[in-house]
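Each chain, letter by letter, is given below.
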Amino acid sequence: MNISQQTKQPTSNLVSKVTRGSGTYVLSIVLALSSLASNIGYCGETEIRDVDATKLKLAYLVNFARYTAWPEDMFDQPDSPIVIGISQYHPYAQQLDNKIAGHSRADRQIIFKMVEKLDSHSDIHLFYDKPPRLHEMLASDWNHHVLTVGDEHDFIEKGGIIQLVEVGQKIRFYINREKAESIGLKIHFKILEMAMEWPGRSSA
Amino acid sequence: MVYLRSLAVVILSLSLVGITLADDDFETLFGLDISELAKIEYTVASSKPETLSLTPAIVSRLNIDEMRAIGLRSLKDILGFVPGFTLQDAKLGGTTVMIRGVTEAFNQKVLFLLDDVPYWMPSHAAIPLLGIPITAIDSIEVIRGPGAVIYGTNATAGVIKVVTKQNDQNIGRISFGDHNRVNSALYGHKDLSEYGRIDISAQTQVDDGYRAQHINAGLPPYPMSYTPPTTGHINRSEEFSSFLMNYRLDGFHLGLQRYHSETQGIAGFGSLANLSTLEEHGYLVTLDNTWKLNRASIKVFSDFNNYYLNLPLDNHPIEGSNAVFSFDDNGKNNNRIRSGVSVDLELSDQASVFSGVETEKRQVGDYQIVSASTGNVMANLFSQDDTRENSIFSQLDWHTDEWRFLVGARYTDNDKSGKQTTPRISALRRLDENSSIKLMYSEGFNSPNFSQQLVFINKAIVGHEDLKAETIKSTDIAYTYTNSKSLFVANVYYFTADDFITRVPIPGDGSHFMNADSFYRYGLELDFQTQLRQAKLFSNFSYHHQGNELDDEDITALFAPNVNINIGLIYYVTGDERYGGAFSYTSQRASSNPLKVLNLNYERDFHDVTFNVTIRNVFDEQMLHPDIQDYRSIHQVPSKDGRNLELGVELKF
């Protein structure tokens, strides 16, 4: 085909703007700007918005630690902290290492600890990671009395205790209560009643 | 440039009224009780940062609520915000998606997936951009470049995947806009406990339409009692109704979708004497079941898609007055039936193989010109036909802590356009926890559709039965950085197109579908998003080197833009109140001026009720695009209204 027949047209005068009544728009803009002006300077510290799922899951870990009772022999001292272990590869591991995240119902401190090698952290009470390290941990006998949390789709089937799931932009979870109780963990009803039903198992 | 400067001032001003980087939300989050955490919705764009950086493709994922907050309130508006995308209304109705400058009037080069199920019209390859209720959508994922190995035919320019939601809250929404445009939508769900879950949504829109100006349209190639103008206004409305239902029980899924849309334009000979309405009708039934085994997942699927168009138009020469282009039996024979099985097999913790086989039958009925007054068939545009396409694919995914490799291929056997093998190779190097670099090569394969092969409308559009399948071979190099707050992607692309199927305008003889000469293109795309304490910024830039160039071997290059820029901002005044804005810039194409469009949005929540005020096209830009249907460079086609207002309310219950 003859492309040269397709000529570019000068267009600067081709377009004439459509003029319309603009009172409604002006009013809308004034209202919006007024509202903006009345709120300038507000910096809501307590509002939680646009938090990413990764952070939100960490907050769930803190609550699981807060509402779970471990056998006393899992603690060296009466005031020993509950330790949440997270992988060194977790995006917030550096930021959270040794951070005090709150207190349990028994008034123990809850702290995060970055885990580099599994076998060097026998003081961990709750462990959250991804495969293959989590599989390695589940397969070992190191996890006695450890509350394991994962977000693989078949985490509970593989022997984990709490499985986090993303449902409609919210975090939900399944609990294998029988497994928890079999290793001496007592999970508070407040957590159990919020868990989703795991097919074939008792969750609450 | 005055608009760009204005936008910069707006953004700078917002930044001065209290936007500071959120350095640590943990103190607040950790202080919340679990019942409070359960109410928090996380943001999807940053929910899986590791996934984006480790995905061996150029993928964008857009969250529907964030896009609404910046004033983009329809699927089409949102797609226009994707890097490298240009959307415009086609002159005969409907909307055309251009990806990296690659386009076809009915969207034959874009694959549309509704939750992984391909959905397109067998006769013309149209896609249901108005067919998915907006309340049903959770997010939109887009792959730029070929995605043929997994998704098969039509994925030469890119893949659009609509991901539907499974929310806990039901939604009712209604909005009122200029030209008596009323849009209402619903979303509801029912948890059936051990019997599964149902999600239902619906949307409808009525619209009087706006005055849409055509400049330098064609003249009819036959004598008329008067000479129609080549520059003038038509009424352009967009009306539709859509319904979607999903039923899920463990691994079982049943999906039902139905829609009908009407948009106005000019058809046939492309003159203002041939006013038309593009009516699309479609429904989709999909069944699939997934079994999850110890180290494997098996999915068996089957879907049935009936999808056709009617095109009533004025002043057709055969009928002498008004006629309808339509399919016999009300389109009952226009179907795609697809079945197959896929297996995702985990070989080890580092390796998996995803394989599958598919068979698809496509068929169309007689396409006819029917008298609008008597209903008599006046002529056949093409006769009923069918084709079968079988394919088999396999893809190996192997990764270590630092590397990820993907090698795959799809073998396709189409009984009309032949056999093709399309490979895909990707290598991804993880630089650290936050960043990666990717090198990707992929090929896309696209069989011509029935219209492209068979249609004959004298002096308007002529198909050719000997059209070959087109292939696009694309190479991408990308750098991706993600952390919990930010995303940055920079990629360069280079692709070659062979046997590219396109309309070619023939002087005095309308347009013919042809395989074009081989050509190549290259460009750059940047994408940056960041979460601030009280705001979220979205921005992207794309450069297409061959855009707006005259090229004998690549006649479509003139119609592609050199540059697209999109900038969006949500400013959260409080948890219940937010402002948003979206600015887009598209550089000159053919005879059309550069376009700068700004949308502004204000939303306020009162408990479970949200009100919004949206002003679209704040600069009142006259939205004229070049004619990418027939590639007539002097014809400027209207696409969207001037400045217009929408007021809406949404109830969650």
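In this text, all values refer to a predicted model and were calculated from it rather than measured experimentally.

Draft legend 1. Region of the structure containing the overall build of chain B. Of the regular secondary structure elements, chain B holds eight helices and 40 strands. Considered along the principal axes of its C-alpha atoms, chain B spans approximately 80 × 55 × 50 Å. For chain B, buried positions account for 61% of its 653 residues. For chain B, contacts bridging at least 24 residues in sequence account for 64% of all contacts bridging at least 6.

Draft legend 2. Structural detail: the overall build of chain A. If you tally the helices and strands in chain A, you get six helices and nine strands. A total of about 9,900 Å² of accessible surface is found on chain A, and carbon and sulfur atoms cover 50% of it.

Draft legend 3. Quick look at the side chain of B:S371. Residue and element names in this part refer to chain B. Looking at the element boundaries, S371 is found in strand β20 (residues 367-371). Classification of S371 by relative accessible area gives buried; the value is 2%. Here S373 takes part through its side chain, which lies 3.0 Å from a polar atom of the side chain of S371.

Draft legend 4. Expanded view of the sheet that holds strand β8 (residues 170-175) of chain A. Residue and element names in this part refer to chain A. Taken together, seven strands build an open sheet; the order of strands is β3-β4-β2-β5-β6-β7-β8 and the sheet is mixed. Each having just a single partner strand, β3 (100-103) and β8 make up the two edges of the open sheet. Between one strand and the next, the sheet's axes are offset by a mean angle of 25°, whatever the strand orientation. Sheet topology note: the strand β2 (residues 82-87)/strand β5 (residues 126-128) ladder contains three bridges and is parallel. Note that in β5 the partner of I84 across the bridge is L126. Of the strands in this sheet, β2, β3, β4 (109-115), β5, β6 (147-150), β7 (162-167) and β8 touch helix α2 (residues 53-66), which is tilted by about 40° from β8.

Draft legend 5. Inspection of the pairing of strand β21 (residues 377-382) of chain B at higher detail. Residue and element names in this part refer to chain B. Of the pairings in the sheet, the one linking β20 to β21 comprises four bridges and is antiparallel in character. Residue pairing across strands places Q368 opposite N380, the latter belonging to β21. The antiparallel pairing of β20 with β21 creates a hairpin that spans five residues between the two strands, and G375 there sits at a positive phi of about 80°.

Draft legend 6. Just empty space enclosed by the protein, in detail. Residue and element names in this part refer to chain B. Following the criterion strictly, the structure yields 16 cavities of 30 Å³ or more and no others. Among the secondary structure elements, those contributing two or more residues to the lining of the second largest cavity are β16 (296-313) and α8 (450-454). The residue makeup of the lining of the second largest cavity, split by class, is 12 nonpolar, six polar and three charged.

Draft legend 7. View of the packing of aromatic side chains. Counting across every chain of the model gives 26 aromatic pairs over all chains. Pairing B:F500 with B:F519 gives two aromatic rings, centres 5.2 Å apart and planes at 75°, and the pair type is edge-to-face. With B:F500 in the loop between β29 (486-498) and β30 (501-505) and B:F519 in strand β32 (residues 519-531), this pair connects stretches of sequence that are 19 residues apart. The buried category is assigned to B:F500, whose relative accessible area is 1%. Counting every residue linked through ring pairs, the aromatic cluster contains A:Y92, A:F112, B:F26 and B:F30. Over the face of the ring belonging to B:F26 we find A:K55, whose NZ or CZ atom lies 5.2 Å from the ring centre. One cation-aromatic arrangement involves B:K109 over B:F500; the distance from NZ or CZ to the ring centre is 4.2 Å.

Draft legend 8. Spotlight on the environment of A:H153. Looking at where A:H153 falls in the secondary structure, it is placed in the loop between β6 and β7. Separated by 12 residues in the primary sequence, A:H153 and A:V165 place their C-alpha atoms 7.7 Å from one another.

Draft legend 9. Seen up close, the confidence of the model for chain A. All names here are of chain A. Looking at chain A, pLDDT values average 70 and 61% of them are 70 or higher. Across chain A, the element-wise mean pLDDT spans from 40 in helix α1 (residues 23-39) up to 93 in strand β1 (residues 68-69). Contacts from residues 1-49, a stretch scored under 50 in pLDDT, to residues over four places away or in other chains number 88 contacts.

Draft legend 10. Spotlight on the pattern of salt bridges. As enumerated under the stated definition, the model contains 46 salt bridges over all chains in all. Of the charged contacts, one joins A:D123 and A:K113 as a salt bridge, the two residues approaching to 3.2 Å between their closest N and O atoms. Remark: A:K113 occurs in strand β4 and A:D123 occurs in the loop between β4 and β5; sequence separation between them is 10 residues. Relative accessible area serves as the criterion here: at 31%, A:D123 is assigned to the partly exposed category. Across the pair B:E603 and B:R578 runs a salt bridge, and its minimum N-O distance is 2.8 Å. One end of the pair, B:E603, is in strand β36 (residues 595-606); the other, B:R578, is in strand β35 (residues 577-586), and 25 residues separate them in sequence. For B:E603, a relative accessible area of 3% corresponds to the buried category. B:R578 sits in the buried class, given a relative accessible area of 13%. Where salt bridges share partners, they join B:R73, B:D77, B:R578, B:E603, B:D605, B:R616, B:K640 and B:E646 into one cluster.

Calculation criteria
- Residues numbered from 1 in each chain as written.
- Chains lettered and ligands numbered in written order.
- Predicted model: local features only at pLDDT ≥ 70, side-chain atom pairs only at ≥ 80, totals over all residues.
- Heavy atoms only, no water.
- Helix = DSSP H or I, 4+ residues; strand = E, 2+ residues; numbered from the N terminus.
- Buried < 20%, exposed > 50% of the residue type's maximum accessible area, 1.4 Å probe, protein only.
- Contact = heavy atoms within 4.5 Å.
- Areas by Shrake-Rupley, 256 points an atom, 1.4 Å probe, with all protein chains shown as cover.
- Polar contact = N/O pair within 3.5 Å; in protein donor to acceptor, adjacent residues only side chain to side chain.
- Pairing = 2+ DSSP bridges.
- Axes fitted to C-alpha atoms, helices over the stretch in contact; angles between N-to-C directions.
- 1 Å grid on protein atoms, 1.4 Å probe; cavity = no way out; pocket = protein on both sides within 12 Å on 5 of 7 lines; lining within 4 Å.
- Points joined across faces, edges and corners; volume = space filled by probe spheres on them.
- Nonpolar A, V, L, I, M, F, W, Y, C, P; charged D, E, K, R; others polar.
- Phe/Tyr/Trp six-rings, centres within 6.5 Å; stacked < 30°, edge-to-face > 60°.
- Lys NZ or Arg CZ within 6 Å of the ring centre and 35° of its normal.
- pLDDT = per-residue confidence, 0-100.
- Salt bridge = Lys/Arg side-chain N within 4 Å of Asp/Glu carboxyl O.

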